[in-house]
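The residues making up each chain are set out below.
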Amino acid sequence: MQGTCECGMTLERPSSRTGCALCGTIGCRSCSIEVEATHYCRWCATSLAHGQPA
Ligand SMILES: [Zn+2]
Ligand SMILES: [Zn+2]
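Residues numbered from 1 in each chain as written. Chains lettered and ligands numbered in written order. Predicted model: local features only at pLDDT ≥ 70, side-chain atom pairs only at ≥ 80, totals over all residues.

Draft legend 1. The arrangement of the environment of Tyr40 in detail. Note that Tyr40 resides in strand E2 (residues 38-41). Tyr40 gets classed as buried once you count the C-beta atoms within 10 Å, which come to 25. A sequence separation of 14 residues divides Tyr40 from Ile26, and the C-alpha atoms of the two residues are 8.9 Å apart. What Tyr40 contacts, discounting residues up to four positions off in sequence, is Cys20, Ala21, Leu22, Ile33, Val35, Ala45 and Leu48. (Helix = DSSP H or I, 4+ residues; strand = E, 2+ residues; numbered from the N terminus. Buried ≥ 20, exposed ≤ 12 C-beta atoms within 10 Å, placed from the backbone. Contact = placed C-beta atoms within 7 Å.)

Next up, the structure:
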């Protein structure tokens, strides 16, 4: 475990962070987005916003 977000930000405590519900990526505070009480990485959140299945 590197403990580094994909954006390059060092994660303070990666084990305590909630991973993305879709891909499981652990993101930093800036990259973790909460959508309807579910956390996603900002990349998956963007995909959701642009491609809602129904
Ligand atoms: Zn994700
Ligand atoms: Zn990040």
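Draft legend 2. Geometry of the pairing of E2. As paired elements, strand E1 (residues 32-35) and E2 share 4 bridges and run antiparallel to each other. Considered in E2, the bridge of Val35 is made with Thr38. Where E1 folds back onto E2 in an antiparallel hairpin, the turn is made up of 2 residues, including Glu36, whose phi is positive at roughly 55 degrees. (Pairing = 2+ DSSP bridges.)

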